[in-house]
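Overview (structure and organization)
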Amino acid sequence: MIGRNNLKVGAARAVCLFVRVGRRGVAAALLVAAALAGAPAAATADEVRTFAVTVDGKPGGTYAIATATGADGTETVAVVAAIKVKTLIGTYTYELNSTEVWKGGRLVSVTARANDDGKKHTVSAVATERGLKATIGKESKLVPADALTSTGVRVPAGDKPRQVVVFDVEDGAETAAKVEPLGTCRVALNGKTIDGMRFKVTGKDLAAEWWFDANGRVIRQEMKWDGYKVVLELTGVK
């Protein structure tokens, strides 16, 4: 977390704040998707999306998401972030390497490694009949099977407001949240227009908008973080 004494927000959600992912980051995302155990059909990423990040209108870095679709209908989403931020109390650094597997709108598994300004975390979860069996470091717990992840890479189900659990892939925390559909949206990319749907997600230390295209892939994210307005804008699809 940034400034632990006064900023109370999960660092995985803070990935949206100040991100710098260069060529190595995109390449790493591709490798993560390709190397996923148990999903041989997802041998290579079929798409990489890059985003520019602004904080209160000022450049804050970039963000990358790699996606691979398997023949069995699973979708593997790899997020790689490397953050370095100058704050009032010094310089904050953060790294995240997360791989999520989804099928039928539910999380099948997630594996994530994070370095939160020197504090390292490992989080994993796998779907079971009782829910998601999550392992955070050496601790284990059950997470609701229909939980959404804090990376915001999956479209929330339904067309009416509902309560959800947001599972933080950085440290395994759970946040009770409300998801509200906000209707259609539109973003521009390379002179073309992409239509989509947007959703509002709110909870303790969580106030965000997640935008998705017709294929259910991220086209924009917005959030309020400790008074800052943070925006991810789509800059490329490869």
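Scoring rules and cut-offs
Residues numbered from 1 in each chain as written. Predicted model: local features only at pLDDT ≥ 70, side-chain atom pairs only at ≥ 80, totals over all residues. Heavy atoms only, no water. Core = buried A, V, L, I, M, F, W, Y, C linked by side-chain atoms within 4.5 Å. Buried < 20%, exposed > 50% of the residue type's maximum accessible area, 1.4 Å probe, protein only. Contact = heavy atoms within 4.5 Å. pLDDT = per-residue confidence, 0-100. Helix = DSSP H or I, 4+ residues; strand = E, 2+ residues; numbered from the N terminus. Pairing = 2+ DSSP bridges. Salt bridge = Lys/Arg side-chain N within 4 Å of Asp/Glu carboxyl O.

A closer look at the nonpolar core
If you look at the biggest cluster of nonpolar residues, it comprises 47 residues, and the most contacted ones within it are Phe51, Tyr63, Ile65, Phe167, Val201 and Ile219. Residue contacts for Phe167: discarding those within four places in its chain leaves Val110, Val123, Ala125, Ala134, Val143, Ala147, Leu148, Thr149, Ser150, Gly172, Ala173 and Glu174.

Section: the confidence of the model for the chain
In the predicted model, the chain carries a mean pLDDT of 81, and 76% of its residues have values of at least 70. Predicted confidence for residues 1–26 stays below pLDDT 50, and this span has 85 contacts to residues more than four positions away or in other chains. Confidence drops under pLDDT 50 across residues 33–43; counting only partners more than four residues distant or on other chains, this segment forms 17 contacts.

Considering the side chain of Ser109
One can find Ser109 in strand E5 (residues 106–116). On the accessibility criterion, Ser109 (18% relative accessible area) is buried. Not counting residues within four places of it along the chain, the set of residues in contact with Ser109 comprises Thr99, Glu100, Val101, Ala125 and Val126.

A few points about the pairing of strand E7 (residues 131–136)
In summary, the side chains of a regular strand alternate between the two faces of the sheet. Relative to E7, strand E6 (residues 119–128) is paired through six bridges, and the arrangement is antiparallel. Bridging across to E7, Ser124 finds its partner in Thr135. Between the antiparallel neighbours E6 and E7 lie two residues. In this structure, E7 lies alongside strand E8 (residues 139–143), joined through five bridges in antiparallel fashion. Bridged to Ile136 within E8 is Glu139. The hairpin formed by E7 and E8 contains two residues between the paired strands, and Gly137 there has a positive phi angle of roughly 65°.

Side note on unusual backbone geometry
Even without a glycine there, the phi angle at Asp117 is positive, about 55°. Mapped onto the elements of the fold, Asp117 is located in the loop between E5 and E6. The phi dihedral of Asn190 is positive, around 55°, even though this residue is not glycine. Among the structural elements, Asn190 can be located in the loop between strand E11 (174–189) and strand E12 (192–203). Assessed through its relative accessible area of 68%, Asn190 is described here as exposed.

A few points about the environment of Gly118
Along the chain, the position of Gly118 falls in the loop between E5 and E6. The class for Gly118 is exposed, based on a relative accessible area of 57%. Separated by 24 residues in the primary sequence, Gly118 and Tyr94 have C-alpha atoms spaced 8.0 Å apart.

Regarding the pattern of salt bridges
Taken as a whole and judged by the stated rule, the model has 11 salt bridges. Here Glu174 ties to Lys141 by a salt bridge, and the two come within 3.0 Å at their closest N and O atoms. A residue pair is termed long-range when its members are at least 10 positions apart, and Glu174 in strand E11 and Lys141 in strand E8 qualify at 33 residues. Residue classification places Glu174 among the partly exposed residues on the basis of a relative accessible area of 36%. Taking the relative accessible area as the measure of exposure, Lys141 reaches 28% and is therefore partly exposed. The salt bridge partner of Arg220 is Glu233, with a shortest N-O separation of 3.4 Å. Residue Arg220 is found in strand E14 (residues 218–225), and its partner Glu233 is found in strand E15 (residues 228–237); the two are separated by 13 residues along the sequence. Classification of Arg220 by relative accessible area gives buried; the value is 15%. Take Glu233: its relative accessible area is 39%, and that puts it in the partly exposed class.

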